[in-house]
Amino acid sequence: MLSRPGGAAPFLIISVNCLEFLANLCNKNTVKKFIIKLLILTFSMVLVLHVITILVDRGLRKTGHPTWAVWNDILTRKSECDIYIQGSSKAWISVSPKIIESATDKKVYNFGVEGYPLDVQLGRYKLYRRYNKKPMTIIQILDGGSLEKRNDLFGKEQFLPYYDEECIIESINTIKGFNKIGYQLPFFKYMGEANSCMIGILEALNITHEKFDGYKGYLGQERTWNDDFGKFVKEHPNGVIFDISAKILHDFEKFILTCKEENIEIILIYAPEYYEVNNYFKNKPEVIEVYKSLSTKYQIEFYDFSDSYLSKDKKYLYNSQHLNKYGSELFTEEIAKILKNKTEFN
């Protein structure tokens, strides 16, 4: 039987080479050297990642960049105050500490967390109490979504330098997008966060230092009415319904009880919102009733500004949910009037 010319020779050569490779691989010294090199390479990579993580964490924990400025003020006790303003962006851009300080002669700080309901707001308060003394008064700014569980980790980079703070992790670890691997292996938490890494490293090496342009957490918006509301109406022609999370409501009630035990006054305030949004906020009466019931049950004050003059004219707002700087200053003056009528602020 004839074979193909040269067909066996290449096969034999390859076979011999494979056998030689296997023989070398089985050599104990070769295997040992390979494992040692692999371990050294792995250790070097882990060490480099660990050093980078330490640098980024250190830099972000001292930056004045608006993403991390309030968190860092809490850790360094620069935020210690008599009047604690709590809420979402409805607080962050709508309540001016300077105006309240002028009216009450007390230290005031705005801890509003953009985009987040009460669960994360309460996590921030727990962090505050870990590093700072208790406030005299908490102004709780409320809105339709305060009791709704968020289903995505908006602005997740703001939490990354503080993965060692359990009170923060407890408030975000059930939200989709939380980096569980990054929590267990810290050097993975900054994957895909090139901008945060750059800011952190530059801050850590004292090459740059960013500053927060606002005042004690507050950042007024010099903006005029835009078309956000029109877009919202097109996207939700039948309106929206805000969920009321039983867990968030339960935790908020526990928070109120704890404050009362510590003799901390709480004032509930529903922030202004453009009046036409009422046609699309289908369960607003139900949400407002929950806040009123909390006020009655725990004997705390509740003020509803959603029907105030600030909600009736676009010149005070830049969209249906947020006041502009002019509107926020007028809103803050209304809050200051409430506080000035209290004995402790006279």
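Residues numbered from 1 in each chain as written. Predicted model: local features only at pLDDT ≥ 70, side-chain atom pairs only at ≥ 80, totals over all residues. Heavy atoms only, no water.

## Section: the overall build of the protein chain
Heads up, the rule is: Per the convention used, a helix needs a DSSP run of H or I reaching at least four residues, while a strand needs a run of E reaching at least two, with both numbered from the N terminus. Atoms counted for the radius of gyration: C-alpha only. Globule rule: 2.2 Å times residue count to the power 0.38. Per-residue accessibility, obtained with a 1.4 Å probe over protein chains only, is compared with the maximum for each type, and a residue is labelled buried under 20%, exposed over 50%, and partly exposed between these values. The contact criterion used throughout is that any non-hydrogen atoms of two residues lie within 4.5 Å. Note that accessible areas follow from Shrake-Rupley with a 1.4 Å probe, and for residues the cover is restricted to the protein chains shown. Counted as positive: Lys and Arg. Counted as negative: Asp and Glu, with His and the chain ends omitted from the count. Taken as the charge location is NZ of Lys, CZ of Arg, CG of Asp or CD of Glu.
Within the protein chain one finds 13 helices and five strands. On C-alpha atoms alone, the protein chain measures out to a radius of gyration of 28 Å, which is more than a quarter above the 20 Å that the 2.2 N^0.38 rule sets for 346 residues. The principal-axis extent of the C-alpha atoms belonging to the protein chain is close to 105 × 45 × 40 Å. Residues classed as buried in the protein chain amount to 45% of the 346 residues present. Relative to all contacts within the protein chain whose residues are 6 or more apart in sequence, the contacts with residues 24 or more apart total 79%. Accessible area for the protein chain stands at about 18800 Å²; split by element, carbon and sulfur atoms hold 58% of it. Separation between the mean location of the 45 positive side-chain charges and that of the 43 negative ones in the protein chain comes to 7 Å.

## Considering the sheet that holds strand β5 (residues 301-304)
Backbone-to-backbone hydrogen bonds join strands into a sheet, with any given pair of strands oriented parallel or antiparallel. Here is the rule: The rule for pairing is simple: two strands pair if DSSP sees at least two bridges between them. Each axis is a line fitted through C-alpha atoms, and for a helix only the stretch in contact is used; angles between axes span 0 to 180 degrees, taken between their N-to-C directions.
The strand order across the open sheet formed by five strands is β2-β1-β3-β4-β5, and the pairing between neighbours is parallel. In this open sheet, the two edge strands, each paired with only one partner strand, are β2 (108-110) and β5. Neighbour-to-neighbour, the strand axes of this sheet turn through a mean angle of 15°, independent of strand direction. In terms of strand pairing, strand β1 (residues 83-86) meets β2 through three bridges, oriented parallel.

Any functional reading would require information that these geometric values do not contain.
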